[in-house]
Amino acid sequence: MPMGCFSLTPYASASCSHFLSPRSLILLTHSHSHSDSQCGVSLSKRVSKQHKSSSIVHSKTKTFAIGNETETAVVEKPQLGGRFQVFRGYPTPFGATARDGGVNFAIYSLNAHSATLCLITLSDFHDNQVTEYIPLDPLINKTGGVWHVFLKGDFRDMLYGYKFDGKFSPEEGHYYDSSRILLDPYAKAVISRGEFGALGPDGNCWPQMAGMVPSDDDEFDWEGDLPLKYPQKDLVIYEIHVRGFTKHESSKTKFPGTYLGVVEKLDHLKELGVNCLELMPCHEFNELEYFSYNAVQGDYKVNFWGYSTVNYFSPMIRYSSAGLQNCGRDGINEIKFLIKEAHKRGIEVIMDVVFNHTAEGNENGPIISFRGVDNSIYYMVAPKGEFYNYSGCGNTFNCNHPVVRQFIVDCLRYWVIEMHVDGFRFDLASIMTRASSLWDRVNVFGAPIEGELLTTGTSLGSPPLIDLISNDPVLRGVKLIAEAWDAGGLYQVGTFPHWGIWSEWNGKYRDKVRQFIKGTDGFAGAFAECLCGSPNLYQGGGRKPWNSINFICAHDGFTLADLVTYNNKHNLANGEDNNDGENHNNSWNCGQEGEFASASVKKLRLRQMRNFILSLTVSQGVPMIYMGDEYGHTKGGNNNTYCHDNYLNYFQWDKKEESSSEFFRFCCLMTKFRRECESLGLDDFPTSERLQWHGHFPGMPDWSETSRFVAFTMVDSVKGEIYIAFNTSHLPFTITLPERPGYRWEPLVDTSKSAPYDFLTLDLPGRDIAIQQYAQFLDANMYPMLSYSSIILLRAPDESA
């Protein structure tokens, strides 16, 4: 996600318009529409005053519950043909819910003085008009802090939003503005623009948004789809960007850049050995948030990655081929189809979710949804109304507030139950462990604690949100992965509150493996810890190797190819004078900066890429591969491509085909080898009964500061025994192998060899000749290792013994 730092200063957006222009506000055009000032009048009185021709029907019962006997007010508006019957409604569930032949609307806004439900037909939405207002009476349509109403009528092609009135007092944390049509935080589909990157009317980057009104006939044929429920230790995760995966013209997909496009390429992932997709943000976001002309690239900057959520229940509609068709229902069905088809191929789907901040930024940002509904509830605000910025993106979601944490759990449950996702990766998850605004022990735990003072943002040992998620009967059974840090300096890798089930993006694994493989002194012991699943981080807390999500590269930072091609970031294309992005990449260009290099440097780079993939696939824990790394995708040294909707972020299928006989083949074979080995996906940390460390000589590991060699053997019930070694020195040498009477060591992988001899498969032509070339060394129980290389040997019966 875009880099940032913690502050309480105003958020300066790069967007072309972070304010709703007058054109983006829905105009009040109906002569008989109710004004906002009438929202406090009782429903029956308001209707009789405004519409003398309307008939008001009262039942004798005193209850307002929808049932056999209810008190109702039937509103007939002559200019609208008497469209809706209006009932008191239910305060739960939140959102718009189809039931009992109508739709119930419920939304929480504790501090609003009045509320109005705005109903908008799709045709009126395009004309920037509201079809009908339903003012809510606080005496009838409010329970606690929840505003609610139940309607019966014709909801075809109908959208909805809300207007709230109250204090506009930023210094008190309130941003009520009755001129705004607000998006329901619980809306299941968000309608605004239909095409990715296309501007709204009059070039507006923030056109009006509205939610889809659901209906009873919203159905999807799951064909008996059930969760795969893989043990986490068996996962191979692939981080993927839905649009970037198939948008390049070389993908030759029918629907490039969409959920359906990914479906067309699932067989590629199956071939790679992936059994879990991690979708980069697919919640509704506004890609035009940073929209501006980029003179360097000759195109426009957009929010490509999507780490700036507008709505957490709605899938990104502009990732669907259907766009706005059927008010977003078709878009919902497309992502469901992707998940169903992935499951058919044995691939789980987890979502990257961004509950640390939203697209509304700080006080300079737009009022879209949460801010206008109840800003002081949904965001961390200081006593004078300033926005805490632990996310680095302008605001911080108030995750541990009781209302907000229930909202998050409701959202996660929806995606598991209704959308069939298999888990979540939580962006900047450390924010979810921070104390909320208005935090006090009475509010959270029911009683004060003497002498304890917790201020907003304090790291909590047992954060209520993580507790709630971890012990939820639905969510406890899915994959939960934390990015255990935030932009405010809270780094929790190895210490994230876990309840025995949370895993972590292991950033320490990334850094240590990068340092060792590029030949930095002093990292041999740390690298060995990484190979074992980082017991130094997880074993003491009662966790297992699979609690570590191991990765070399991810969306944020260098690609694998760039990691071995550039010493420095090259982010000028972002238009920020190369000041954005991470400066400490632990990369090495292998002797020359950039893609144009000598043949020997290019060979070394490819060898280093193999070394990284080998280390990733033989480490205990869960390996994660970043999209495109399997063929060597380059971003030209740009380590922060969040704003580019172009070739920098597009998977280039033509390049993948060019390299399919080399690096892609190697990656596929390494993931296959991992699956075949019982010892490379252990449920617990390896002990000396299974693992033995070696150095240049058997049983003599070198953990000194100058050591650049790590080797070990693993007893494996399938392969018998495996010998794996890494030489990250600039010098070659010959190692002595452990003696195994009656057996000999047989080469399988040597990253110093050119393809296809880097991995000696059984069906490889010339395999026997290749092995024979090692014979004189293996007969002497030795093996020659070139500089910057790694090997895998298998114990095989010695037929000559």
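Note: the structure precedes this text.
What comes next concerns the included structure.

Observations concerning the side chain of His 498
- Here His 498 is to be found in the loop between β22 (479-482) and β23 (503-505).
- Overall, the relative accessible area of 19% leaves His 498 in the buried class.
- In this structure the side chain of His 498 is engaged in a polar contact, spanning 3.4 Å, whose partner is the backbone oxygen of Gly 541.
- Among all residues touching His 498, those that are not within four sequence positions of it are Gly 541 and Arg 543.

As for the layout of surface pockets
- Computed from the structure, the largest pocket encloses a volume of approximately 880 Å³.
- As for the largest pocket, its lining consists of 29 residues, and the residues nearest its centre are Ala 561, Glu 595, Tyr 631, Gly 632 and Thr 634.
- Put simply, the parts of the chain that give the lining of the largest pocket at least two residues each are α15 (599-618) and α16 (653-658).
- Take the lining of the largest pocket: its biggest share by element is four residues, from α15.
- Partitioned by chemical class, the residues of the lining of the largest pocket number eleven nonpolar, eleven polar and seven charged.

Notes on the environment of Val 236
- Tracing the chain through its elements places Val 236 in the loop between β13 (210-212) and β14 (237-240).
- In this structure, the C-alpha to C-alpha distance between Val 236 and Thr 671, residues 435 residues apart in sequence, is 7.9 Å.
- Aside from chain neighbours lying at most four places away, what touches Val 236 is Gly 273, Val 274, Asn 275, Cys 276, Pro 623, Ile 625 and Thr 671.

A word on the packing of aromatic side chains
- Tallying each qualifying case throughout the model produces 57 aromatic pairs.
- Look at Phe 87 and Phe 150: their rings are 5.7 Å apart centre to centre, the planes differ by 65°, and that puts the pair in the edge-to-face class. Taken as a pair, Phe 87 in strand β2 (residues 84-87) and Phe 150 in strand β8 (residues 146-153) lie far apart in primary sequence, 63 residues in all. Exposure class is identical for Phe 87 and Phe 150. Each is buried.
- Plain terms: the ring middles of Trp 305 and Tyr 307 are 6.5 Å apart, the flat faces sit at 85° to each other, and that makes the pair edge-to-face.

Concerning the packing of helix α11 (residues 507-517) against helix α12 (residues 524-531)
- In the contact formed by α11 and α12, the axes pass within 9 Å of each other and the chain directions differ by 130°. The pairing of α11 with α12 is recorded here as oblique in orientation. For the crossing formed where α11 meets α12, the hand is left-handed. Contacts between α11 and α12 pair Tyr 509, Lys 512, Val 513, Phe 516 and Ile 517 from the former with Ala 524, Ala 526, Phe 527 and Cys 530 from the latter.
- Residue composition of the contact of α11 with α12, by class: eight nonpolar, no polar and one charged.

Details of the sheet that holds β22
- Read once around its circumference, the closed barrel built from eight strands follows the order β14-β15-β20-β21-β22-β23-β24-β25, with strand pairing classed as parallel. Neighbour to neighbour, the strand axes of the sheet diverge by 25° on average, direction disregarded.
- For strand β15 (residues 276-279) and strand β20 (residues 348-353), the ladder comprises four bridges, and the chain directions are parallel. Looking at the pairing, Glu 278 lines up with Ile 350 of β20.

What counts, and where the lines are drawn
Residues numbered from 1 in each chain as written. Predicted model: local features only at pLDDT ≥ 70, side-chain atom pairs only at ≥ 80, totals over all residues. Heavy atoms only, no water. Helix = DSSP H or I, 4+ residues; strand = E, 2+ residues; numbered from the N terminus. Buried < 20%, exposed > 50% of the residue type's maximum accessible area, 1.4 Å probe, protein only. Polar contact = N/O pair within 3.5 Å; in protein donor to acceptor, adjacent residues only side chain to side chain. Contact = heavy atoms within 4.5 Å. 1 Å grid on protein atoms, 1.4 Å probe; cavity = no way out; pocket = protein on both sides within 12 Å on 5 of 7 lines; lining within 4 Å. Points joined across faces, edges and corners; volume = space filled by probe spheres on them. Nonpolar A, V, L, I, M, F, W, Y, C, P; charged D, E, K, R; others polar. Phe/Tyr/Trp six-rings, centres within 6.5 Å; stacked < 30°, edge-to-face > 60°. Axes fitted to C-alpha atoms, helices over the stretch in contact; angles between N-to-C directions. Parallel < 35°, antiparallel > 145°, perpendicular 65-115°, else oblique. Left-handed = near helix turned anticlockwise from the far one by under 90°. Pairing = 2+ DSSP bridges.

That's the geometry; what it means functionally is another story.
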